[in-house]
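Residues per chain, in single letters:
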2 protein chains.
Amino acid sequence: MRKDPEDMDIDIKRIAELLHTTEQRIRGLLKRGTLHSTPTHHLILERSISKIEVGTAIFPWETYEVVWGFPKIHRAMMLEPALRTHFTTESVAVEEKMNGYNTRVASINGQIVALTRGGHICPYTTEKAESLIPEKIFTDHPEWVLCGEMVGPDSPYAPKETYGIESLQFFLFDIHEKKGGKPLTVAERQEVAEEYGIQSTRLFGTYPLNEAHHKIREIIQMLGASGREGVVIKDPEMRDPPLKYTSSQSNCDDLKYAFTYYHDYARSFFYSRVMREAFQSVEWREGPAEIERRALQLGESILKPMIQSIKRVQSGEKLVENVKIRVKSLKTSEKFKEHLRTLGIDAVFSDPVKIRDEYLIKIQKINHRTNDKTESILSGET
Amino acid sequence: MRKDPEDMDIDIKRIAELLHTTEQRIRGLLKRGTLHSTPTHHLILERSISKIEVGTAIFPWETYEVVWGFPKIHRAMMLEPALRTHFTTESVAVEEKMNGYNTRVASINGQIVALTRGGHICPYTTEKAESLIPEKIFTDHPEWVLCGEMVGPDSPYAPKETYGIESLQFFLFDIHEKKGGKPLTVAERQEVAEEYGIQSTRLFGTYPLNEAHHKIREIIQMLGASGREGVVIKDPEMRDPPLKYTSSQSNCDDLKYAFTYYHDYARSFFYSRVMREAFQSVEWREGPAEIERRALQLGESILKPMIQSIKRVQSGEKLVENVKIRVKSLKTSEKFKEHLRTLGIDAVFSDPVKIRDEYLIKIQKINHRTNDKTESILSGET
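Residues numbered from 1 in each chain as written. Chains lettered and ligands numbered in written order. Predicted model: local features only at pLDDT ≥ 70, side-chain atom pairs only at ≥ 80, totals over all residues.

Before going further, it helps to examine the overall build of chain A. Within chain A, the regular secondary structure consists of 12 helices and 17 strands. For chain A, whose C-alpha radius of gyration is 22 Å, the value lies close to the compact-globule estimate of 21 Å for 382 residues. For chain A, the C-alpha atoms occupy an extent of roughly 60 × 55 × 50 Å along the three principal directions. Summarising the internal contacts of chain A: among those between residues at least 6 apart in sequence, 63% fall at separations of at least 24. (Helix = DSSP H or I, 4+ residues; strand = E, 2+ residues; numbered from the N terminus. Rg over C-alpha atoms; globule rule 2.2 N^0.38 Å. Contact = placed C-beta atoms within 7 Å.)

As a further point, take the domain arrangement of chain A. Per the domain assignment, the segments of chain A are domain 1 (5-67), domain 2 (248-314) and domain 3 (320-378). The C-alpha-based centres of domain 1 of chain A and domain 3 of chain A are spaced at 30 Å. (Domains from an automatic or database assignment.)

Counting residues at the interface gives 44 residues for chain B, matched by 43 residues for chain A. Those elements that place two or more of their residues in the side of chain B that touches chain A are β5 (74-75), α3 (79-86), α9 (267-283), α10 (288-314) and α12 (368-378) of chain B. Top element by residues in the side of chain B that touches chain A is α10(B). It accounts for 15 residues. Looking at side-chain class alone, the side of chain B that touches chain A contains 25 nonpolar, 10 polar and nine charged residues. (Nonpolar A, V, L, I, M, F, W, Y, C, P; charged D, E, K, R; others polar.)

Below, the discussion takes up unusual backbone geometry. All names here are of chain A. A positive phi angle, close to 55 degrees, is found at H20, a residue other than glycine. Mapped onto the secondary structure, H20 falls in the loop between α1 (12-18) and α2 (23-32). With 11 C-beta atoms counted inside 10 Å, the residue H20 sits in the exposed group. Notably, N109 is not glycine yet its phi reads approximately 50 degrees, a positive angle. Assignment of secondary structure puts N109 in the loop between β7 (101-108) and β8 (111-115). Residue N109 is classed as exposed on the basis of its 12 C-beta neighbours within 10 Å. (Buried ≥ 20, exposed ≤ 12 C-beta atoms within 10 Å, placed from the backbone.)

Moving on to the relation of the copies chain B and chain A. Think of it as a corkscrew move, a rotation about one axis and a shift along it, taking one chain copy to the other. Of the transformation superimposing chain B on chain A, the axial component is 0.1 Å and the angular component is 180 degrees, with the fit at an RMSD of 0.1 Å. Taken together, the rotation and translation relating the two chain copies correspond to the operation of a two-fold axis. Mapped onto chain A, 98% of the interface residues of chain B are again interface residues, and the two copies thus contact each other with one and the same surface. (Least-squares fit on C-alpha atoms with pLDDT ≥ 70 in both.)

What follows is about helix α4 (residues 123-132) of chain B. Residue and element names in this part refer to chain B. Within α4, eight of the 10 residues are buried, which leaves it mostly tucked inside the rest of the structure. All buried positions along α4 are accounted for by P123, Y124, T125, T126, E127, K128, A129 and L132. The inward-facing, buried residues of α4 abut β7 (101-108), β8 (111-115), β9 (144-151), β10 (169-177), β14 (320-327) and α11 (330-342).

Before going further, it helps to examine the sheet that holds strand β6 (residues 91-97) of chain A. Residues and elements named next belong to chain A. Sheet architecture is open: five strands sit in the order β5-β13-β12-β6-β11, paired in mixed fashion. Lying at the two open borders of the sheet, with one neighbouring strand each, are β5 (74-75) and β11 (203-208). Here β5 pairs with strand β13 (residues 243-246) via two bridges, running parallel. Bridging from a neighbouring strand, R75 pairs with K244 of β13. (Pairing = 2+ DSSP bridges.)

Residues and elements named next belong to chain B. Ordered in space as β8-β7-β9-β10, the four strands form an open sheet in which the pairing is antiparallel. What marks the edges here is a single partner per strand, and that holds for β8 and β10. Each adjacent strand pair in this sheet contributes to an overall mean axis angle of 25 degrees, direction not counted. Relative to β8, β7 runs antiparallel, the two sharing five bridges. Note on β8: the bridge partner recorded for I108 is Q111. Across the sheet, α4 touches β7, β8, β9 and β10, and the angle it forms with β8 is around 125 degrees. (Axes fitted to C-alpha atoms, helices over the stretch in contact; angles between N-to-C directions.)

Two faces, one strand: in a regular strand the side chains alternate between the faces of the sheet. Residues and elements named next belong to chain B. Neither face of strand β3 (residues 57-60) is left uncovered, since the one carrying A57 and F59 and the one carrying I58 and P60 both have all their residues buried. Two elements, strand β2 (residues 43-45) and β3, share two bridges in a ladder whose sense is antiparallel. Counterpart to L43 in the pairing with β3 is I58. With four bridges joining them, β3 and strand β4 (residues 64-67) adopt antiparallel strand pairing.

Low-pLDDT stretches of the model should not have their predicted coordinates read in fine detail. All names here are of chain A. Overall, the prediction assigns chain A a mean pLDDT of 92, with 97% of residues at 70 or greater. Within the model, pLDDT remains below 50 along residues 1-6, and this stretch shows 14 contacts once partners closer than five positions in the same chain are excluded. Overall fold confidence for the complex sits at a pTM of 0.82, while the interface term, ipTM, reaches 0.77. (pLDDT = per-residue confidence, 0-100.)

This next bit is on the packing of α3(B) against helix α7 (residues 212-225) of chain B. Residue and element names in this part refer to chain B. For the pair α3 and α7, interaxial distance at closest approach is 9 Å and the crossing angle is 130 degrees. One element, α3, and the other, α7, form an angle in the oblique class. Considering only the axes of α3 and α7, their crossing is right-handed. Note on element contacts: α7 touches α3 through A212, H213 and I216, opposite L79, E80 and L83. When grouped by side-chain class, the residues that make up the contact of α3 with α7 number four nonpolar, one polar and one charged. (Parallel < 35°, antiparallel > 145°, perpendicular 65-115°, else oblique. Left-handed = near helix turned anticlockwise from the far one by under 90°.)

What follows is about the pairing of β13(A). Sheet topology places strand β12 (residues 230-234) of chain A next to β13(A); four bridges connect them, and they run antiparallel. Looking at β13(A), one finds that A:V232 is bridged to A:K244.

The subject of this paragraph is the nonpolar core. Ranked by internal contacts, the top residues of the largest apolar core, which has 137 residues, are A:I216, A:I233, A:A278, B:I216, B:I233 and B:A278. Apart from the residues lying within four places of it in its own chain, the contact partners of B:A278 are A:L303, A:M306, A:I307 and A:I310. Among the nonpolar cores identified, the runner-up in size contains 50 residues, and A:L19, A:L29, A:L146 and A:I325 belong to it. (Core = buried A, V, L, I, M, F, W, Y, C linked by C-beta atoms within 7 Å.)

Okay, the packing of α10(B) against α12(B) next. A pair of packed helices can be characterised by two numbers: the angle between their axes and the separation between those axes. Residue and element names in this part refer to chain B. The geometry of α10 relative to α12 is characterised by a closest axis approach of 10 Å and an angle of 70 degrees between their N-to-C directions. For the element pair α10 / α12, the angle class is roughly perpendicular. Residues S309, I310, V313 and Q314 of α10 pack against T370, N371, T374, E375 and L378 of α12.

Put into structure tokens, the structure is as follows:
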């Protein structure tokens, strides 16, 4: 039976040991709610604290286990100097950064759980992980945490048609150990993926550090042209932390999305993306024609979705994000509805449609702030 | 002699009377620093409080006098519904909104002072006001406050070549009484301007409320084409507060400026201007070609100045804003240097150059945050 931390029936000492810290600190974190319990009876860390990443999850179930939060990957703004100052290695491995949502999959007490970035168990992702990841990997290596990107059209967080995936696919990009958090090297992870038949993110190659920026530019432009996101650049031995770098198309896609729901997203969201465009243009020594092309794309990514949203509200429509999930069990859908409610997301679930052995369920996510703001400006608000 | 409020040698009772409030409230405001003294020995209100606008200035000199803060003018986002809901009048007067800086000029104890929006006495603007505004208006009407825009290339805050002005010109747009704050009507103000030979902002005309948005669109497009800012729409009797509305070119000019010093300006600056573009496009029912033209202009206004700034820093230049002032007395320049320091602006003054009976002084304002941020990204910061 699981223990319920609400009843404080948790072993502070064991948690302190797991997190390599003191009991007093754990008590403080619990008291302030920085470490708090979830409806699924585990504890999550609300924000990063010294040496422990946000989203770290502790399972005070029969055995006490920890899944460390997935560290934020820094972004190269100017690629060439960033590579030079960031890496201490002679070469770097360049892998595709896919556009989906991040999940960490682990086996806790023999039960597979798939965690969101924040550390919540996502029931939908868990059902998908159970069928996409062979159980054997966890019976062979119960101490492993598989980090990957969930990608495809049946994604309730970031639906994408780009990759030619039918429903939802798991792309492994990192394996580390529960206890110490030590990662496998790039080569080891690739081997494991092959051995167990798990899809891995694409490795473009390993390049000498001082030449990598030329190669990455080529890769980024090729990826951008087919609407893909970008790359993650890694120390092959996984000692230096990775860096990410994205295509202009991906920045603009983000802007299109953000400006569709322009009043729901943080202003800094688009500011940072606009900055990336300028630095990429300078680094690539673009001429007037290339800058003009980039400016038009940027301007359109901002203006067109906003105009479309305003027109929609003007014609009496509600601005909703349409996503969908495909589940084997209707119970997963029920649990997922509960999960979205926990996350504070307002969503309307349609009736399930049976397709072969699964149910397709359409979900409308409602972005209230943009709807309300647009309506009030249209009726004369100044 | 002026009284120094630092010594608390001020008459709280008289200030309370001037502001139509209680002595207790004034004491509270002084204690919290919301009402505080300046190096020029008057008091200014740091932020708006119920019924009293930020920038309100109290002069506890021989006679106690108040100059009310200039109220924020609301902006129409969608013109037609905004006019309809905002005004209770049958017609509206449409005047040009000029692109300079706001000042309030008054005579306190027979001494002319020109105040910044925040309520500080600007020594430079005061010198200019003394020569641009005939003293007679204040001997005839010592109770009047003249509100206007200071416009031209010799503006240390917002230099503009657009208007064909040689140095700096004062454009009167509002007159109100010190005591009650009651404004003159639009027609009265025009008459006064003519009588005393003071330049007034241009009145395009007075239009029926339900037709005004058509007229304003024409005016805005005409103004935009010559790089001008926009209009202020007024109740001719000045009972309803005015509304402002600006051209797309002006929004884009603001963006160009903000993105030149992209890390010094608030992110919300950018966001609000982009929103204006989308609503104007929807209200004007623009087709695909017009939207594309607008998107290109928007994208260029954002991207080009950033690229230029990055390149400048890359080539070892410092990003500075070059402005200039033209003064009769070098003492004004000294006082103005002090004034900028009070406002927290880092500026380097060049040696004065004598031109006819005046001195031209170039000023470099330094935007540290953008300089520092660009330098660190260029050297590999992620």
